[in-house]
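Structural description and commentary
As a plain string of letters, each chain reads:
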Amino acid sequence: MARPGLAGPVLGVARDLLGRVVEAWSPEGTVAVRLTEVEAYGGAADPASHAFRGRTSRTEVMFGPPGHLYVYFVFGMHWCCNVVCGADGVASAVLLRAGAVVSGLDLARHRRTTARSDPELARGPARLAAALGLDGRANGVDLCAAASPVRLLAGTPVPDRAVEQGPRVGVASAGDVPWRFWVAADPSVSTYRLGGRRRVSRATLPVTTSRRG
DNA sequence: CCATTGATCGTCT
DNA sequence: GACGATCAATGGT
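Values in this document were obtained by computation on a predicted structure and should not be read as measured data.

So, on to unusual backbone geometry. The phi torsion at Phe 75 lies on the positive side, around 55°, for a residue other than glycine. Among the secondary structure elements, Phe 75 is positioned in the loop between strand S3 (69–74) and strand S4 (78–84). With a phi angle near 60°, Ala 185 is a residue other than glycine that sits in the positive phi range. For Ala 185, the position within the fold is in the segment after strand S8 (180–183).

Counted under the stated rule, the structure contains two aromatic pairs. Over the ring of Tyr 41 we find Arg 168; its NZ or CZ atom is 4.6 Å from the centre of that ring. Sitting over the face of the ring of Trp 182, Arg 180 holds its NZ or CZ atom 4.3 Å from the ring centroid.

Our focus in this paragraph is the environment of Thr 59. Checked against the element boundaries, Thr 59 lands in the loop between strand S2 (29–42) and helix H2 (60–63). Each C-alpha atom, one on Thr 59 and one on Val 84, is 11 Å from the other, the two residues being 25 residues apart in sequence. Apart from residues no more than four positions distant in its own chain, Thr 59 is found in contact with His 50, Ala 51, Gly 54 and Tyr 70.

This part covers the pairing of S8. Residues of S8 alternate between two faces, with Arg 180 and Trp 182 on one and Phe 181 and Val 183 on the opposite face, all of them buried. Relative to S8, S2 runs antiparallel, the two being bridged by three bridges. Bridge pairing in S8 links Glu 37 to Trp 182. Note: strand S7 (residues 163–166) against S8, four bridges, orientation antiparallel. Among the inter-strand pairings, Gly 166 is bridged to a residue of S8, identified as Arg 180.

The rules behind each value
- Residues numbered from 1 in each chain as written.
- Chains lettered and ligands numbered in written order.
- Predicted model: local features only at pLDDT ≥ 70, side-chain atom pairs only at ≥ 80, totals over all residues.
- Heavy atoms only, no water.
- Helix = DSSP H or I, 4+ residues; strand = E, 2+ residues; numbered from the N terminus.
- Phe/Tyr/Trp six-rings, centres within 6.5 Å; stacked < 30°, edge-to-face > 60°.
- Lys NZ or Arg CZ within 6 Å of the ring centre and 35° of its normal.
- Contact = heavy atoms within 4.5 Å.
- Buried < 20%, exposed > 50% of the residue type's maximum accessible area, 1.4 Å probe, protein only.
- Pairing = 2+ DSSP bridges.

All quantities given are derived from atomic positions and should not be read as evidence of function.
Quick look at the structure:
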């Protein structure tokens, strides 16, 4: 089966995931999210990647074929989702950081009762996973199979002029690498906590700077 | 608006 | 035994 745009280098895959739609089915209903913020991990030698220290049971999916979902557990309470990309045997993935709910709004609101506005429903990787109803059970799911409970749809491409790029959020190492991509001025993008625990100097902030137009 | 902190557990050392 | 690819609540400016 074809895996459009998922087998190449991780940076290109990440950028092109913006505007695409992740649709998750469950007995409760279906929620779909249009991706507005992503981060690339892995590739050549990325110390921030879970796969950096080699193959373990957790990172097994990252080493597998592209187009599958890598779901991991963080901070004792949250789940986060990645799209595995690159060739089989190359461990790279794109973290899904934020999106706009485009279908199943009522169900997403039900799952995210603390959200004060709709753009907040999937603003942040753990929130996005929660809005879609995804947890460890979705780890390894094939996103390109018609019968999968989680699928990656074509969506609408985002033109270059609307894409901004900057450092990844919350990574302890390689925090200066601009491998985070987001849709400019989109309210669902998690603009807070830029740089995470470590302070990031202003010089390394967005490569394209047009936050306020 | 911004900064700080507690919650809570799988994974790896 | 330490540490997170985080979130939400709290309190300050």
